[in-house]
Amino acid sequence: MRQAMKDEGEGARDGVRGDSAPQEDHVDRLRAQWTRELPDLDTEPMAILGRAKRLSNLVAAGIEDTFAAFDLDRGEFDVISTLRRAGPPYQLTPTEMYTSLMLSSGGLTHRLSRLEKTGLIRREKSNLDGRSVVVTLLPRGIELAEQAFRADMANELLVLQPLNRDERDLLSALLRKLLHSLESQSKPDV
């Protein structure tokens, strides 16, 4: 197993950009420890899924900081960006929103209340069904969603700078393939 890890590191990984030797990362160290303790167990899933989780954890604080600069938390940004992506007239029902955001209705209600107080959204009765509510992203919310998203994408691009365009395209394609497989096995709207 150790030889397989060594071969994997010296083969595909270090040759991606022609580097002479791969640099050991946190996941390599964890895999080596498990290989020592359970030499019969293949830890290859950690090489991909463990790295994906670690990457997500490492970039999360920077993403939160980006949104905080716009006086938003990540959840609030998710709400206004969902409305912005919906296109004109930038309206959705709470049910459409919490289904898209994978939130409970209570969690969404709290976020909507704060966003309404700050003048980014408006909640009003639906013209089509007086029992239903429609959430509308207001002009200030449209502008803020765009500014925050542009800043987020600029920061995330900096995170990806160690990879050239071809590497980013390849990584994106491989992750899409894996995600599509998992999504096709899960419940709709997840």
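Structural data are supplied above this passage.
These numbers come from a predicted model, not from an experiment.

What counts and how
- Residues numbered from 1 in each chain as written.
- Predicted model: local features only at pLDDT ≥ 70, side-chain atom pairs only at ≥ 80, totals over all residues.
- Heavy atoms only, no water.
- Buried < 20%, exposed > 50% of the residue type's maximum accessible area, 1.4 Å probe, protein only.
- Helix = DSSP H or I, 4+ residues; strand = E, 2+ residues; numbered from the N terminus.
- Pairing = 2+ DSSP bridges.
- Expected span 1.5 Å × (residues − 1).
- Polar contact = N/O pair within 3.5 Å; in protein donor to acceptor, adjacent residues only side chain to side chain.
- Axes fitted to C-alpha atoms, helices over the stretch in contact; angles between N-to-C directions.
- Parallel < 35°, antiparallel > 145°, perpendicular 65-115°, else oblique.
- Contact = heavy atoms within 4.5 Å.
- Nonpolar A, V, L, I, M, F, W, Y, C, P; charged D, E, K, R; others polar.
- Patch = residues over 30% accessible without salt bridge, like charges linked within 9 Å, V, L, I, M, F, W, Y side chains within 5 Å.
- Areas by Shrake-Rupley, 256 points an atom, 1.4 Å probe, with all protein chains shown as cover.
- Salt bridge = Lys/Arg side-chain N within 4 Å of Asp/Glu carboxyl O.

Below, the discussion takes up the pairing of strand β3 (residues 133-137). Most of β3 is tucked away: 4 of the 5 residues are buried. In the sheet, strand β1 (residues 91-92) pairs with β3 via 2 bridges, with the strands oriented antiparallel. From the neighbouring strand, Gln-91 faces β3, where its bridge partner is Thr-136. Note that strand β2 (residues 121-125) and β3 share 5 bridges and pair antiparallel. Residue Arg-122 lies in a different strand from β3, and its bridge partner there is Thr-136.

Okay, helix α8 (residues 165-185) next. Over its 21 residues, α8 extends 30 Å from the first C-alpha to the last, a length consistent with the 30 Å expected when each residue adds 1.5 Å. Where α8 begins, one side-chain oxygen reaches toward the backbone nitrogen of Asp-166, 3.0 Å away; that side chain belongs to Asn-164.

Interaxial distance between helix α4 (residues 74-85) and helix α7 (residues 139-159) falls to 9 Å at its minimum, and their mutual angle equals 110°. Taken together, α4 and α7 sit at an angle that is classed as roughly perpendicular. Contacts from Phe-77, Ile-80 and Arg-84 in α4 reach Gly-141, Ile-142, Leu-144, Ala-145, Glu-146, Ala-148 and Phe-149 in α7. In the contact of α4 with α7, the residues fall into 7 nonpolar, 1 polar and 2 charged.

If you trace the backbone, Thr-66 turns up in helix α3 (residues 44-68). On the basis of relative accessible area, Thr-66 is assigned to the buried category, the value being 7%. The contacts of Thr-66, once residues within four sequence positions are left out, are Ala-148, Ala-151, Asp-152 and Asn-155.

Right, let's get into a nonpolar patch on the surface. Residues Ile-48, Leu-49, Leu-178 and Leu-182 make up a contiguous nonpolar surface patch of about 370 Å² in total accessible area. Mapping Leu-178 onto the fold places it in helix α8.

Scanning the entire structure with this criterion turns up 10 salt bridges. Across the pair Arg-29 and Glu-24 runs a salt bridge whose closest N-O atoms are separated by 3.7 Å. Judged by its relative accessible area of 39%, Arg-29 falls in the partly exposed class. Across the pair Asp-25 and Arg-51 runs a salt bridge whose closest N-O atoms are separated by 2.6 Å. One end of the pair, Asp-25, is in the loop between α1 (2-15) and α2 (26-37); the other, Arg-51, is in helix α3, and 26 residues separate them in sequence. Assessed through its relative accessible area of 25%, Asp-25 is described here as partly exposed.

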